[in-house]
Amino acid sequence: MAGFCEGGNEPAGCLKAICIQKSDGLQGSLVVRRARDHEPNAQLYDYDLPAHVIMISDWSHRPAIDHFPGLVVPVTYTYGVFFLINGRGRYTDPVEGNITTPYSVFRVHPGKRYRFRVIGAICIHCPALLSIDGHNLTIIDTDGNAVKPVEVQALHLHSGERYDFVLNATNEVNSYWIRVKGMGKCAPDETAQQRAVLQYQGAEDTEPSEHEFKDEDEKLSPDVKIMNPQNATCSHGEHGVCVSQLEAAEPIDENILKPEPDVNITILSAYVFPKKKDLFYSGSFNRFDHKGYNKDHDRDNKDRNSEHKKDNENHDKDHDNVNDKDEL
């Protein structure tokens, strides 16, 4: 575990920097595969390749420490500008225009079935919506647990969530957009998105043309089934599929499903919406800036300096008294 200290004035322990390092790109995927004979959904796909891991991360164009809550920006949540897919993506710079860096490309052979593994390596406050133009996603695993297949057209995931899906490469030989769009607080911000390319073997090495989903909001229409949709009630007839509706693909130990538990453990929890002053005490972060803070910060610094001055004066007096006694 790494720590972050600035200026030498912070209390012991300082600010733990795990998520800060993660936001700055210090992250990667670690996939532990089971033998195919032990995979309950192995009959649904032909290939499970390392090249088909989709890792979605955030991209803020500035060091993470600069937008960590309480340091520079007066907010109690983290925010992002863009997403990256396997560390690649594009961003339209307001000054320079479109930056033509390469997209991540996932290649498939026509007629084959592929297992894709999606990792929500997101630090920001916003979840992401993943879809692949012209293709359905057959969900077969979530957070390392095999589930009975469920076919959807889009996948909604939060930070730390993982889903595996099967993609059937049965479309016309071509290239197709893989789209990631920010949801929640990022939904109104059209820049919070990213793309990658699904390319069939034999297709021209060019970027895909636009799909019929020109308006991103169409992806949320009742005709499109979404895995884990936000604000869903999980009632019958909804177009979404909630995690609670997934069924395990393997038998569950009967001891886990006993009517009476061996031990009852009650954990109380609740949502708390603290004010900034409850989280960030005056003087704790030198760069925390919001209306009225600077005055409080200066006053606290004066009080602290005054206390230090008194302590130094008392220390000098005690030192003088000791020297006087030594002379006597």
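Structure first, text after, so check above.
Residues numbered from 1 in each chain as written. Predicted model: local features only at pLDDT ≥ 70, side-chain atom pairs only at ≥ 80, totals over all residues. Heavy atoms only, no water.

(A) Fine view of the overall build of the protein. Scanning the protein for helices and strands turns up 3 helices and 17 strands. Looking at the protein as a whole, 35% of its 328 residues qualify as buried. In the protein, once contacts between residues fewer than 6 apart in sequence are set aside, the share between residues at least 24 apart is 69%. About 20,300 Å² of surface is accessible on the protein, with carbon and sulfur atoms providing 50% of the total. (Helix = DSSP H or I, 4+ residues; strand = E, 2+ residues; numbered from the N terminus. Buried < 20%, exposed > 50% of the residue type's maximum accessible area, 1.4 Å probe, protein only. Contact = heavy atoms within 4.5 Å. Areas by Shrake-Rupley, 256 points an atom, 1.4 Å probe, with all protein chains shown as cover.)

(B) Fine view of the pattern of salt bridges. Under the definition given, this model contains 14 salt bridges. Across the salt bridge formed by D141 and R115, the nearest N and O atoms sit 3.8 Å from each other. Linking D141 in strand β10 (residues 137-142) with R115 in strand β8 (residues 113-121), this pair joins segments that are 26 residues apart in sequence. Given a relative accessible area of 7%, D141 falls into the buried group. Between D164 and R117 there is a salt bridge, with its nearest N and O atoms 3.2 Å apart. Taken as a pair, D164 in strand β13 (residues 162-168) and R117 in strand β8 lie far apart in primary sequence, 47 residues in all. Residue classification places D164 among the buried positions, given a relative accessible area of 7%. (Salt bridge = Lys/Arg side-chain N within 4 Å of Asp/Glu carboxyl O.)

(C) Region of the structure containing the sheet that holds strand β16 (residues 226-227). The mixed open sheet is built from 7 strands, whose spatial order is β7-β15-β14-β9-β12-β16-β17. What marks the edges here is a single partner per strand, and that holds for β7 (105-108) and β17 (240-241). Here strand β12 (residues 154-157) runs beside β16; their pairing, made up of 2 bridges, is parallel. Paired with L155 across the strands is M227, a residue of β16. (Pairing = 2+ DSSP bridges.)

(D) Up close: the sheet that holds strand β4 (residues 82-85). Pairing is mixed across the open sheet formed by 6 strands, whose spatial order is β4-β3-β8-β13-β10-β11. Only two strands of the sheet have a single partner each, and these edge strands are β4 and β11 (145-152). Each adjacent strand pair in this sheet contributes to an overall mean axis angle of 25 degrees, direction not counted. Sheet topology places β8 next to β13; 7 bridges connect them, and they run antiparallel. Each bridged residue has a counterpart across the sheet, and for R115 the counterpart in β13 is V166. (Axes fitted to C-alpha atoms, helices over the stretch in contact; angles between N-to-C directions.)

(E) Structural view of unusual backbone geometry. Of note, the phi angle at N86 is positive, near 55 degrees, even though the residue is not glycine. The topology assignment puts N86 in the loop between β4 and β5 (92-93). A positive phi angle, close to 50 degrees, is found at D143, a residue other than glycine. Tracing the backbone through its elements, the reader meets D143 in the loop between β10 and β11.

(F) The pairing of β12, seen in detail. Residues of β12 alternate between two faces, with A154 and H156 on one and L155 and L157 on the opposite face, all of them buried. One ladder, built from 4 bridges, connects strand β9 (residues 128-132) with β12; its direction is antiparallel. Directly across from L130, in β12, lies its bridge partner L155.

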